[in-house]
Amino acid sequence: MSTETKPEAKPEEKLFFHSMKEQDIFSKLQTNATGLTSKEAAKRLEEHGPNKLEEGKRKTLLQIFIAQFGDLMIWILMAAAVISAVVGEPVDAAIIGIVVVLNSILGTVQESKAEAALDALKQMAAPIAKVLRDGSITKVDASQIVVGDVVVFEAGDSIPADIRLIQCASLKVEESALTGESVPVEKQLIIIDDTKAALGDRVNMSYMGTAATYGRGTGIVIATGMNTEMGSIARQLASTEKETTPLQKQLNGISNILSIGVLIIATVIFGIGMLSGREPFEMFLTAISLAVAAIPEGLVAVVTIVLAMGMSRMAGNGAIIRRLPAVETLGSTQVICSDKTGTLTQNRMTVQKAYSQNEATLFEAMRYCNDSKLDANNKAVGDPTETALIDYLIKDKKYTVDEIKNSPRDGEIPFDSERKLSSVALKNSGGFRIYVKGAPDVLLARCIKELSGDKVVELGKARQDEIVLENENMAKLALRVLAFGFKDVTALTPNDVVGTESGLTFCGLIGMIDPARPEAKDAIAVCRKAGILPVMITGDHKITAVAIANDLGILDDGREAINGAELQEMTDEELSNRVEKIGVYARVSPEHKTRIVAAWQKKHKIVAMTGDGVNDAPALKASDIGVGMGITGTDVSKGASDVVLTDDNFATIVKAVAEGRRIFDNIHKTVRFLLSSNAGEVIAILFATLMGWKFLLPIHILWINLVTDTFPALALGVEPPEKGAMARKPRDSRLPFFTKSEWIQVLVTGTMEAALAIFAYLLGGQGMLGTTMAFLVLSLSQLFAAVALQSERTSIFKNKAKDHPMLWLAFFGSTMLQLSVVLIPPLRDIFKLAQLDLASWVEVIGLCFVMLIFVEVQKLFAKKEA
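Residues numbered from 1 in each chain as written. Predicted model: local features only at pLDDT ≥ 70, side-chain atom pairs only at ≥ 80, totals over all residues. Heavy atoms only, no water.

Val643 and Phe650 are the most contacted members of the largest nonpolar core, which totals 70 residues. Residue contributions to this core peak at eleven residues, all from helix H26 (residues 650–691). Val643 has contacts with Ala319, Ile320, Ile321, Ala326, Leu330, Ile625, Gly626, Val627 and Gly628, leaving out every residue within four places of it along the chain. By size, the runner-up hydrophobic cluster in this structure holds 55 residues, among which are Trp703, Val707, Ala715 and Leu847. (Core = buried A, V, L, I, M, F, W, Y, C linked by side-chain atoms within 4.5 Å. Buried < 20%, exposed > 50% of the residue type's maximum accessible area, 1.4 Å probe, protein only. Helix = DSSP H or I, 4+ residues; strand = E, 2+ residues; numbered from the N terminus. Contact = heavy atoms within 4.5 Å.)

Glycine aside, residues mostly have negative phi, and peptide bonds are mostly found in the trans state. Phi at Gln30 is positive, roughly 55 degrees, even though this residue is not glycine. Within the secondary structure layout, Gln30 lies in the loop between helix H1 (22–29) and helix H2 (38–48). The phi torsion at His604 lies on the positive side, around 65 degrees, for a residue other than glycine. Tracing the backbone through its elements, the reader meets His604 in the loop between helix H23 (590–602) and strand E23 (607–611). A relative accessible area of 40% places His604 in the partly exposed class.

Side-chain pairs of opposite charge can arise where the charged atoms are in close proximity. In total, this model carries 33 salt bridges according to the counting rule given. Measuring nitrogen to oxygen at the nearest pair gives 2.9 Å for the salt bridge that ties Lys196 to Glu569. Of this pair, Lys196 sits in the loop between strand E5 (185–186) and strand E6 (205–206) while Glu569 is found in helix H21 (residues 564–569), placing the two residues 373 residues apart along the sequence. Overall, Lys196 belongs to the partly exposed group, its relative accessible area being 39%. (Salt bridge = Lys/Arg side-chain N within 4 Å of Asp/Glu carboxyl O.)

A surface patch of positive charge is lined by Lys723, Lys798, Lys800 and Lys802. The residue Lys800 is located in the loop between helix H30 (768–788) and helix H31 (805–823) in this model. We classify Lys800 as exposed; its relative accessible area is 53%. (Patch = residues over 30% accessible without salt bridge, like charges linked within 9 Å, V, L, I, M, F, W, Y side chains within 5 Å. Areas by Shrake-Rupley, 256 points an atom, 1.4 Å probe, with all protein chains shown as cover. Lys, Arg positive; Asp, Glu negative; His and termini not counted. Charge placed at Lys NZ, Arg CZ, Asp CG, Glu CD.)

Looking at the protein as a whole, the pLDDT averages 82, with 85% of positions reaching at least 70. No element of the protein has a lower mean pLDDT than helix H6 (residues 116–123), at 45, and none a higher one than strand E19 (residues 504–513), at 96. When the criterion is pLDDT under 50, residues 113–118 qualifies, and its contacts beyond four places in sequence or with other chains add up to eleven contacts. Predicted confidence for residues 120–126 stays below pLDDT 50, and this span has 22 contacts to residues more than four positions away or in other chains. (pLDDT = per-residue confidence, 0-100.)

Structure below.
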């Protein structure tokens, strides 16, 4: 729980200004109701600095670019490029170099965008503020405000700092960006005894980054700059490090294994060759060529391209990806911590229930007791509760748009937080009709009659109890309830507010709520089927949160709901023990959201956090995958997110998760293909070297590597989704990219490719013909394996070829490239290959089909094992 802290105070000193008396605050901050003198304000500004959020140390573009080369795989690729150039393969060297540079540029662009969150946060501070200086109101730059200043503001003004209110008149403040509450907060001059009250419950406070929507107020500045609640969020954004994604961690691990393995194998092969009396330069070229072949330099390129294409598809479905690895991380998501307002709900108050015995009169009261207006698009704008009334009247065709626009009033008494009522007067034939709107308990206490049908009858005790019960029933449904009444008078008495709003005739109740998105319930059901746990985290009241959660099915599994105060009492260990039993968190602060995300991450869960407010930004950044709202979201939340939903639709997350799973499956099968292919080459050459055979030349190894590592790998990366992808549980983040059994499959597949190539070499008589047959079998068997790997779970004989156009195109294209080297005489001479007779071709093709069947059988046994 954050607290308001005076800049002069020691860091450990906590001051709960919402629980202090006004005079004690004046004393503590050495100020008074008339504000500071200009001299004192200047002194404090000099001592404690301006009212601005800190910039923090920034990296230059050059520093960010250089940092991209810290990855081990990048160093391996750079080494491969140099080696390729040395052995006379400039095309390979150029391709690898382009991949490295493009990857670094992409990383630089993405990282430079990360600063946008703090920049946007700074823009939320009010540029100009009105303060009392030397006893009079003065306009100053908001950065010049100091603790102890007295600030004056009204509807439409931004709050320039954290303040404790000392005066307010019908004041309402929009705080949804900070607290998540869906409607403006009505401010009151009361002392709140609970020092641990949530931000949304501190009704005598206002905070930097919020805005007054109604009335006016005056307050003492109790915190500026980085000591404000907004500053606390900025500090969290600056200090929260974005962890590498599961895919990045796992591929980095594979890179480390490969780099060590490649060096060892190249050294061993060179040593064996030398001991066998082979030419040193020939063995050097062979070892170097094998090293280049063993390193899947296409891996980074393929993964980057696959993620980029996935990003493009997601954008078409309403999800803008800000960081490429986020595409895959979505597919691994196990928990979605979702903000309520605007994410699971529509972020617009909507009338759900009307209770009256004369609806025509109730509707007329709703029409006239209303300050909202219709804009150029005939959309109601203004206070959310009042726009809900207009929306209801128009949608249900109670009144036309023109009638709503033409609703003249002959007098009004504005809403007041102490009265909790507002009134309007309409001229009629007998004088005036006064319509009154307000809190049900207050208005009902002023009613003596009721409109029943077209008759006005006495409002007896029994009937009052029925109305109270109806109000309670609406409240249990988390509806925000308004009551309406009226009285007819012959003349207006403007100075008699109490008399005007007493002796009323009750005409009805209206219940409203910010309702759940229609598609959110289905989306949550799909998430559950996919093994993803939804969690609601909101700054709104517990009763409202629970009602929405029950409607959406979030609490169907028996989990509980708690509020921020209960969460605050828990230690991190206690939260970790209970986090799996909690489905709803209400009335929480920004620090709470980050704690919840951290608790799930300690359970080794991949956590997605959705949100649209400033208060969501730290948790969005701390989560494995931050999902911001594009329409209602603040620039701060979008800047801290990995993914931004252009339609603010929770259901879009489900589509993004499905795409993420597709991406992971495709990357997994691509890496499996590349590693098994390279393993086949290494095993075959290692065995041939041990046997003292002149098996394959360096140019053969590099050509095979070029043909098989490019098109088939890319084609596997764009395969359609696996059947039943969203019926599987998310992949456990603790599992390695390849499990032990999957590594065995890679080695077994590579060994089989090597065995087939060696067998072909023996069939050809170990001379030039044998080399040619081994060359063809080693490369083509890899292409047949790629076709078999179009799915790691189902047989290719159950799939339709038309559903896999890119893979078949890559297969035939790469096959033609490989055959051209043997069939075209000039190329055959360059590669030092022999011409094959029909029998040799039949043997080569037969061995390649053995590879296809082998992978299919391997899938069958892996399926049974699972």
